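# Coordinates in review
Here is how the chains run, residue by residue.
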Amino acid sequence: MELLKIENLCKTYGKGESQVMALDDVTLSVEKGEFVAIIGSSGSGKSTLLHIVGGVDVPTSGKVYLDGQDVYAQKNEKLAIFRRRQVGLIYQFYNLIPTLNVVENITLPVLMDKREVNKERLEELLEMLGLSNRRNHLPNQLSGGQQQRVSIGRALMNAPAVMLADEPTGNLDSQNGQEIIKLMKESNKKYGQTLIVVTHDENIALQADRIIGISDGKISRNERVR
Ligand SMILES: Nc1ncnc2c1ncn2[C@@H]1O[C@H](COP(=O)(O)OP(=O)(O)O)[C@@H](O)[C@H]1O
Ligand SMILES: [Mg+2]
């Protein structure tokens, strides 16, 4: 089943001579439960693509459909709810709230949504992420790998339709990086979680179902690995 459909997506930044075409007519479809790796050199448009899919940046033209819903046909308030419920974003530098502990960071999207925390899911995630005995720690009391695991928990807490990770291992050594990818693959298997991961690491890309290459804002490669 098709989960994500991107049609003729274009994004330009700036005006006049300083204008940059970050995405140039990108058309792409992702199946539910698929694990897709996006590769490409720096400045090729990878982050822009993730941000637009995630509803945190708006396209200049083109369409994004998630689960059949035209994402940018939604009004601001609905778009904000869409972001909280349907998308889990993971960044290179974790983006945790420094004054909140592990459990508070993980449950923040649920509380912001004024919904009740599913305690069972929380415990299951803490267990899966190896954070059960770190639940009251603050981010600065955790290693980089642990902090990234917290951000995975936060991304998964609302059981989003798609998890978008922008170079999630870019700040970690290879062992911790592989551990993070292993956890993402586990959530992909266990929950059928659709995963789109931007990476520089060929080893990580080769673990995906499909590799998509971006070059100068265009898709330059679209290759099924398994
Ligand atoms: N907010 C912005 N304002 C102006 N230009 C931007 C902005 N964000 C990205 N760009 C430009 O768009 C292009 C693609 O950027 P980005 O998507 O971040 O690339 P990548 O993630 O592949 O390194 C780059 O040339 C970058 O300089
Ligand atoms: Mg980037």
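### Section: the sheet that holds strand β8 (residues 194-198)
- Across the sheet, 6 strands lie side by side as β6-β7-β8-β3-β9-β10; this open sheet has mixed pairing. The open sheet has two edge strands, β6 (87-90) and β10 (218-224), and neither has a second partner. In this sheet, neighbouring strand axes are inclined to one another by 15° on average, regardless of whether the strands run parallel or antiparallel.
- The sheet contacts of helix α2 (residues 76-86) involve β6 and β7 (162-166), and relative to β6 the element is tilted by about 70°.

### Here's the deal with the environment of Ile180
- Inspection of the secondary structure puts Ile180 in helix α6 (residues 174-191).
- Since its relative accessible area comes to 0%, Ile180 is described here as buried.
- Sequence separation between Ile180 and Gly170 is 10 residues, and the spatial gap between their C-alpha atoms is 11 Å.
- Not counting residues within four places of it along the chain, the set of residues in contact with Ile180 comprises Gly145, Gln148, Arg149, Ile152, Pro168, Thr169 and Leu172.

### As for the sheet that holds strand β1 (residues 2-13)
- The antiparallel open sheet is built from 4 strands, whose spatial order is β2-β1-β4-β5. The two strands at the open ends of the sheet, each matched to only one other strand, are β2 (20-31) and β5 (69-70).
- Of the pairings in the sheet, the one linking β1 to strand β4 (residues 61-66) comprises 5 bridges and is antiparallel in character. Across the sheet, the residue bridging to Lys5 is Tyr65, located in β4.
- On the sheet, helix α1 (residues 46-53) packs against β1, β2 and β4 and is oriented at approximately 120° with respect to β1.

Parameters at a glance
- Residues numbered from 1 in each chain as written.
- Chains lettered and ligands numbered in written order.
- Predicted model: local features only at pLDDT ≥ 70, side-chain atom pairs only at ≥ 80, totals over all residues.
- Heavy atoms only, no water.
- Pairing = 2+ DSSP bridges.
- Helix = DSSP H or I, 4+ residues; strand = E, 2+ residues; numbered from the N terminus.
- Axes fitted to C-alpha atoms, helices over the stretch in contact; angles between N-to-C directions.
- Contact = heavy atoms within 4.5 Å.
- Buried < 20%, exposed > 50% of the residue type's maximum accessible area, 1.4 Å probe, protein only.

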